[in-house]
Protein chains: 2
Amino acid sequence: MKRNSDKPIRITEVCLRDGSHSVAHQFTEEQVRSVVRALDDAGVHYIEVSHGDGLGGSTLQYGRSLVDEMKLIEAAVSECTTSKIAVLQLPGIGTVHELKQAHALGAKLVRVATHVTEADVSAQHINMARELGMETLGFLMMTHTATPEKLLEQAKLMESYGAEAVYVTDSAGALLPDDVRERVRLLRQELSCEIGFHAHNNLSLAVANTLAAIEEGATRIDGSVRCLGAGAGNTQTEVLIAVLARLGVDTGVDLYKMMDLAEDVVGPILPRSQEIRKGSLVMGYAGVYSSFLLHAERAAARFGLDARDILVELGRRKAIGGQEDMIIDVAADIAKQRKQEVVQ
Amino acid sequence: MKRNSDKPIRITEVCLRDGSHSVAHQFTEEQVRSVVRALDDAGVHYIEVSHGDGLGGSTLQYGRSLVDEMKLIEAAVSECTTSKIAVLQLPGIGTVHELKQAHALGAKLVRVATHVTEADVSAQHINMARELGMETLGFLMMTHTATPEKLLEQAKLMESYGAEAVYVTDSAGALLPDDVRERVRLLRQELSCEIGFHAHNNLSLAVANTLAAIEEGATRIDGSVRCLGAGAGNTQTEVLIAVLARLGVDTGVDLYKMMDLAEDVVGPILPRSQEIRKGSLVMGYAGVYSSFLLHAERAAARFGLDARDILVELGRRKAIGGQEDMIIDVAADIAKQRKQEVVQ
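Residues numbered from 1 in each chain as written. Chains lettered and ligands numbered in written order. Predicted model: local features only at pLDDT ≥ 70, side-chain atom pairs only at ≥ 80, totals over all residues. Heavy atoms only, no water.

The name given to chain A in an unreviewed UniProt entry is 4-hydroxy-2-oxovalerate aldolase, with Aneurinibacillus soli as the source organism. The UniProt entry for chain A carries the following comment under Sequence similarities (unreviewed entry): "Belongs to the 4-hydroxy-2-oxovalerate aldolase family." (UniProt positions renumbered as here; feature names shortened; annotations may be inferred.)

Dropping the structure here:
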């Protein structure tokens, strides 16, 4: 495989953070311990442990965790021999206080995550993380809603704050391989720091998109074993390791151990199989957050529409989390337009 | 999307044939009727109905069908308003007798399938199908085991017998996107007939491989709704239609109806979710038939090996169905080699 980088590929397993959404944040300490132990044994470089919405996410709004994430981070750290524990932080949800606490418990890496157009809110957190001596990466979410040029502008901000890598994050699983290629290529040309890529599998393209990102020079790669992540899940880690092995890319992660832990350790804690079902497919197709689905269905019932038409229009208008009130406006607009079409 | 063909994309849904393996050939007539009715309503071009191993496959060796496939074909034909019913035929399993019967019942298209190096055994069946006035396509299986040049030689044979399209069939889900690209490109350059592509999702690359095939000029495309096919299933049809719509390729198939039938009609008859589990991942990684797995596990136990090492070596030796006796030899060779390594 041709790669536009000579740095090694480093894998971050996110099933204990992104997968937290799939279990409604109900991971037990023993589940976290057993998964971390197996991933550490397989040689995975980083294992992310946080509430699904990052440090401090355990609230009524985002969903209460069963076990305090600090307790889970501490347990995870104690199981590692070579793997490093990573945490996710969304400024506005988590504060610098939780970051310091996670660091004190042994977390070595933080990804500071913002919407793709709001990198400026990451400055303080990136600064603090660097001061703490943590490996500090920027995480730009919903990248499919921004042009590559806008993404680059925001990535440069994160780099200027001190991020040691910037991630292209396909939160809705809406990017197609050529979209990924274009974005990673541009960042690789224009940034000095490493590039990361985080996929979702809503359009069944997570592994292919990840290969495209790696070819273009991404070296920080996220995956979730058995696709245990939000929506349709992420790049299935054990599958990615197998495909990279076939392409001659040695990640240092033990393929057979990954296959075994996927079956024997993660399999039993999957709340449901991570197939691509109607809801996640619609999200990837429309390019919107899954939190919109229920609101769109209600609006569709009220205006006599198909919820999918509303979601597609929301995607076109680049609606983001927190803009759920836009849904009624969109539904009203579509209904009005339909009526005019009938009249004409 | 740039496509190396100006012919329309035509979709063949294989969940009622390849998916027959997943239900141990126990489809009921009512299941077949309801799925065909929904697919016809969505505008799918072809719907394949046959035993998983093709016409005549209902035997002790390949597994008995619950309902006679001719009855299922007749029922399927009666449900169609625009879709056409296709059948699969493997010379050596099905005979010209069954083909005539299927044709008399209203099947309009046949795919004559052989191992990638054995196209010559398809001549009689392709001839007969053309004489019957059926649309007649060739189906070259396990294409990852042959060089592109060998594949071309065999595809030319099928074309010379009268095949109106030749399929690149990735039976083990072992091809990577660049492998697909190379093969379809060569066939597109050298053949006059249409090119088809049939994927399996063992490495989570079925949709991406199908996109690569379409870009290179393939126009006959297989999929299975909800991945209801052998192993990890095929290209998930409703996902492919969504991705093609995003790329501006109108297949004429109704995306929303496909999403709905995937959830409401096919979902309830899935015997299990079609995730990528250990068994199918190993098969795609090693590039061997799933029928080898049990034999390899037995041989592994006998020689104190990991079954996966045996399967990978079988893949390297290009073992094909019927060569299960090779498994013990391979296991013995690996064990011997390991012993020598310890001595040295």
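Let's pick the thread back up.
Caption draft 1: Spotlight on the UniProt feature "binding site: substrate" (unreviewed entry) in chain A. All names here are of chain A. Per the UniProt record, "binding site: substrate" (unreviewed entry) is annotated on Arg 17, Asp 18, Ser 171, His 198 and Tyr 289. Within the secondary structure, Asp 18 is located in the loop between strand 1 (10–13) and helix 1 (19–22). Apart from residues no more than four positions distant in its own chain, Asp 18 is found in contact with His 198, His 200, Leu 228, Gly 229, Ala 230 and Asn 234. (Helix = DSSP H or I, 4+ residues; strand = E, 2+ residues; numbered from the N terminus. Contact = heavy atoms within 4.5 Å.)

Caption draft 2: Region of the structure containing the sheet that holds strand 1 of chain A. Residue and element names in this part refer to chain A. Spatial ordering of the closed barrel is given by 1-2-3-4-5-6-7-8, a layout of eight strands whose pairing is parallel. On average, each strand axis in the sheet is inclined to that of its neighbour by 25 degrees, with strand direction left out of account. As paired strands, strand 7 (residues 194–198) and strand 8 (residues 220–223) are joined by two bridges and run parallel to one another. Residue pairing across strands places Phe 197 opposite Ile 221, the latter belonging to strand 8. (Pairing = 2+ DSSP bridges. Axes fitted to C-alpha atoms, helices over the stretch in contact; angles between N-to-C directions.)

Caption draft 3: Spotlight on the nonpolar core. Core analysis: the biggest nonpolar cluster contains 223 residues, and Ile 310 and Leu 314 of chain A together with Ile 310 of chain B have the highest contact counts within it. When near neighbours in sequence (up to four residues on either side) are disregarded, Ile 310 of chain A contacts Ala 296, Ala 299, Ala 300, Leu 305, Ile 327, Val 330, Ala 331 and Ile 334 of chain A. (Core = buried A, V, L, I, M, F, W, Y, C linked by side-chain atoms within 4.5 Å. Buried < 20%, exposed > 50% of the residue type's maximum accessible area, 1.4 Å probe, protein only.)

Caption draft 4: Examining the pairing of strand 8 (residues 220–223) of chain B more closely. Residue and element names in this part refer to chain B. Here strand 8 shows two buried faces, one formed by Arg 220 and Asp 222 and the other by Ile 221 and Gly 223. Pairing of strand 1 (residues 10–13) with strand 8, which is carried by four bridges, proceeds in the parallel orientation. Counterpart to Glu 13 in the pairing with strand 8 is Gly 223.

Caption draft 5: Examining the domain arrangement of chain A more closely. Residues and elements named next belong to chain A. With domains assigned, chain A is organised as domain 1 (10–269) and domain 2 (288–343). With six residues of domain 1 at the interface, the matching set in domain 2 holds five residues. Among the residues domain 1 hides against domain 2, the three largest losses belong to His 115, Met 142 and Thr 145. Together they make up 68% of the total. Linking domain 1 to domain 2 there are zero salt bridges. Put simply, domain 1 and domain 2 have zero residue pairs in polar contact (both at pLDDT 80 or more) between them. When grouped by side-chain class, the residues that make up the side of domain 1 that touches domain 2 number two nonpolar, three polar and one charged. (Domains from an automatic or database assignment. Buried area = accessible area lost by both parts, 1.4 Å probe. Salt bridge = Lys/Arg side-chain N within 4 Å of Asp/Glu carboxyl O. Polar contact = N/O pair within 3.5 Å; in protein donor to acceptor, adjacent residues only side chain to side chain. Nonpolar A, V, L, I, M, F, W, Y, C, P; charged D, E, K, R; others polar.)

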